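Chains, contacts and geometry: an overview
What follows is the residue order along each chain.
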Amino acid sequence: MFLKKEIINILNDNAGNDELFNLADKIRRENVGDEVYLRGLIEFSNICKCKCKYCGICADNKNIERYRISPEDIILNAKNAIDAGYKTIVLQSGEDNYFTVDIMYKIISEIKKFDTALTLSIGERPREDYEAFKEAGADRYLIRIETTDKELYAKMHPGMSFENRIRCLRDLKDLGYEVGTGCLVGLPGQRIESLADDILFFKEIGADMVGIGPFIPHPDTGLAEVKAGDFTLALKVMALARILLKDINIPATTAMETLHPNGRIIALQCGANVIMPNVTMADYGKKYEIYPNKARIIGISEKIAGIGRVVSKDYGYRKKGL
Ligand code: SAH
């Protein structure tokens with residue numbers, strides 16, 4: 001369909017932006033319809049062993065207060081969100097060794113007793129762990145590749161391996177998860193060409209979900225002085241992902257809203273069909289700060305109705321060929 005060269009040209013040239021966004025919106029409507037899926041996001045631990053250069057909860061940051069929600073409270077938090085109407089719970093955290101495969105198994109199986117789909121976003125694990133989480137009832141897994149530029153990947157992720165990230169994605173696909181990946185837009189040294197590679201990678205790996213977010217500098221990281229990613233460029237990468245992958249689920253990410261006061265609603269009109277409101281129980285939500293000023297959801301259903309869309313009552317699995 002699109003050649004890498006064409007993608008690069010589209011990303012470099014802003015004259016055709018309206019046309020691009022309209023096409024992405026049309027393809028979204030034809031393939032996944034007008035419903036917007038809300039996923040209740042629970043950020044259950046900001047303790048992390050990784051040292052990702054851009055991330056505010058990285059192990060090197062000594063300025064943040066760390067927290068970990070107990071397994072009992074995570075289950076309660078999920079129940080409250082499900083009672084409030086959420087049909088998908090997303091459990092996200094830093095790479096926190098406390099949450100062993102046994103503890104996660106228990107949390108997952110308890111939450112799956114409620115009427116909900118369950119997504120995990122807890123980083124790199126051995127295949128056996130992913131297998132156990134699936135057996136416990138997990139349905140989906142999010143793990144962004146962040147960037148397909150191997151050199152940049154190595155710079156941004158000291159002590160981690162690009163190959164292992166890919167291994168995780170392949171294992172998750174193989175085990176039958178709906179798999180979400182994605183990238184950051186605006187990392188220092190990232191080239192337009194590598195964004196084109198990222199988009200083609202999403203297709204190649206068979207992503208069921210793709211989350212694109214502009215990079216937002218966090219004051220307590222080594223990238224504090226780097227300027228934020230470009231909102232429009234991030235939107236274009238997202239629109240191209242919709243055009244190429246058609247029937248996948250695409251969140252309007254919180255990072256988009258952080259950079260633009262109406263960012264999420266704009267993203268919903270440029271290819272996105274998912275929003276992930278933060279439902280982390282009070283007292284904890286504030287501390288999971290991967291970047292500053294994370295936007296919160298206010299009156300989201302009204303806003304969704306305001307653009308002629310409707311909040312779905314469905315679990316929101318990938319709709320293959322509507
Ligand atoms: N530990 C999990 C979850 C990471 S947080 C994992 O490894 O998958 C979820 C996403 O936040 C990351 O994948 C990254 O793309 C994004 N993120 C982290 N720091 C960010 C920043 N400064 N600006 C924008 N997005 C960021």
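Residues numbered from 1 in each chain as written. Predicted model: local features only at pLDDT ≥ 70, side-chain atom pairs only at ≥ 80, totals over all residues. Heavy atoms only, no water.

With that settled, consider the pattern of salt bridges. Counting across every chain of the model gives 28 salt bridges. A salt bridge links Asp208 to Arg318; the nearest nitrogen and oxygen atoms lie 2.8 Å apart. Of the two residues, Asp208 is situated in the loop between helix H8 (192–205) and strand E7 (209–214) and Arg318 in the segment after strand E9 (310–311); the sequence distance between them amounts to 110 residues. By relative accessible area, Asp208 is classed as buried at 4%. Via salt bridges that share partners, Lys4, Asp149, Arg191, Glu193 and Asp197 belong to a single interconnected network. (Salt bridge = Lys/Arg side-chain N within 4 Å of Asp/Glu carboxyl O. Helix = DSSP H or I, 4+ residues; strand = E, 2+ residues; numbered from the N terminus. Buried < 20%, exposed > 50% of the residue type's maximum accessible area, 1.4 Å probe, protein only.)

Glancing now at H8. Helix length check: H8 (14 residues) gives 20 Å between terminal C-alpha atoms against 20 Å at 1.5 Å per residue, within 8%. Where H8 is concerned, the buried positions are Ser194, Leu195, Ala196, Asp198, Ile199, Phe201, Phe202 and Ile205. Of the surrounding elements, those touching the buried residues of H8 are helix H1 (4–12), helix H7 (162–174), strand E6 (178–185), E7 and helix H9 (231–245). Once H8 finishes, Gly206 follows within two positions and takes phi at roughly 75°, a positive value. (Expected span 1.5 Å × (residues − 1). Contact = heavy atoms within 4.5 Å.)

What follows covers the packing of aromatic side chains. Per the counting criterion, the structure on display carries 7 aromatic pairs. Ring centres of Tyr153 and Phe162 lie 5.4 Å apart, and the angle between their planes is 75°; this geometry places the pair in the edge-to-face category. According to the relative accessible area criterion, Tyr153 is buried, its value standing at 1%. Between Tyr315 and Tyr317, the ring centres sit 6.4 Å apart and the planes meet at 55°, which makes this aromatic pair tilted. One aromatic cluster in this structure is built from Phe44, Tyr98 and Phe99. One residue, Lys134, lies across the ring of Tyr177, its end atom 5.6 Å from the ring centre. In this structure, Arg140 packs its charged tip against the face of Tyr317, placed 4.4 Å from the ring centre. (Phe/Tyr/Trp six-rings, centres within 6.5 Å; stacked < 30°, edge-to-face > 60°. Lys NZ or Arg CZ within 6 Å of the ring centre and 35° of its normal.)

With that out of the way, let us pick up the environment of Met256. Here Met256 lies in helix H10 (residues 254–259). On the basis of relative accessibility, which here comes to 0%, the residue Met256 falls in the buried class. Measuring from C-alpha to C-alpha, the distance between Met256 and Ile212 comes to 8.6 Å, with 44 residues separating the pair along the chain. Excluding its chain neighbours within four sequence positions, the residues that come into contact with Met256 are Ile212, Pro214, Phe231, Ala234, Leu235, Met238 and Gly263.

Further remarks concern the nonpolar core. Generally speaking, nonpolar side chains in soluble globular proteins are found buried as a group. Leu91, Met104, Phe133 and Phe202 are the most contacted members of the largest nonpolar core, which totals 97 residues. Residue contributions to this core peak at 12 residues, all from H9. Once residues within four sequence positions are removed from consideration, Phe133 is found in contact with Val101, Met104, Ile108, Leu120, Ile122, Arg125, Ala138, Tyr141 and Tyr177. (Core = buried A, V, L, I, M, F, W, Y, C linked by side-chain atoms within 4.5 Å.)

In this section: the confidence of the model for the protein. When pLDDT is averaged along the protein, the result is 95; 97% of the residues meet or exceed 70. At the level of individual helices and strands, the protein shows its lowest average pLDDT in helix H12 (residues 300–306), which scores 92, and its highest in strand E5 (residues 140–142), which scores 99. (pLDDT = per-residue confidence, 0-100.)

Note: strands within a sheet are paired through backbone hydrogen bonds, in either parallel or antiparallel orientation. The 3 strands are arranged E8-E1-E9 in an open sheet whose pairing can be described as parallel. In this open sheet, the two strands that pair with only one neighbour each are strand E8 (274–275) and E9. By the bridge criterion, 2 bridges tie strand E1 (residues 35–38) to E8 in an arrangement that is parallel. Across the sheet, the residue bridging to Leu38 is Ile275, located in E8. (Pairing = 2+ DSSP bridges.)

On to the side chain of His218, then. Among the secondary structure elements, His218 is positioned in the loop between E7 and H9. From its side chain, His218 meets the backbone nitrogen of Asp220 in a polar contact 3.0 Å long. Not counting residues up to four positions away in its chain, the partners in contact with His218 are Tyr54, Gly56, Asn61, Ala224, Glu289, Ile290, Tyr291 and Pro292. (Polar contact = N/O pair within 3.5 Å; in protein donor to acceptor, adjacent residues only side chain to side chain.)

On to the site of the ligand, then. Neighbouring residues of the ligand: 16 residues in total, closest Tyr54, Ser93, Arg144, Glu146 and Ile216. Contact distances for the ligand include 2.9 Å between a nitrogen atom and a backbone N or O atom of Ser93. Take Arg144: an N or O atom from its side chain is 2.8 Å from an oxygen atom of the ligand. Considered class by class, the residues forming the shell around the ligand number 9 nonpolar, 4 polar and 3 charged. (Near = heavy atom within 4 Å. Nonpolar A, V, L, I, M, F, W, Y, C, P; charged D, E, K, R; others polar.)

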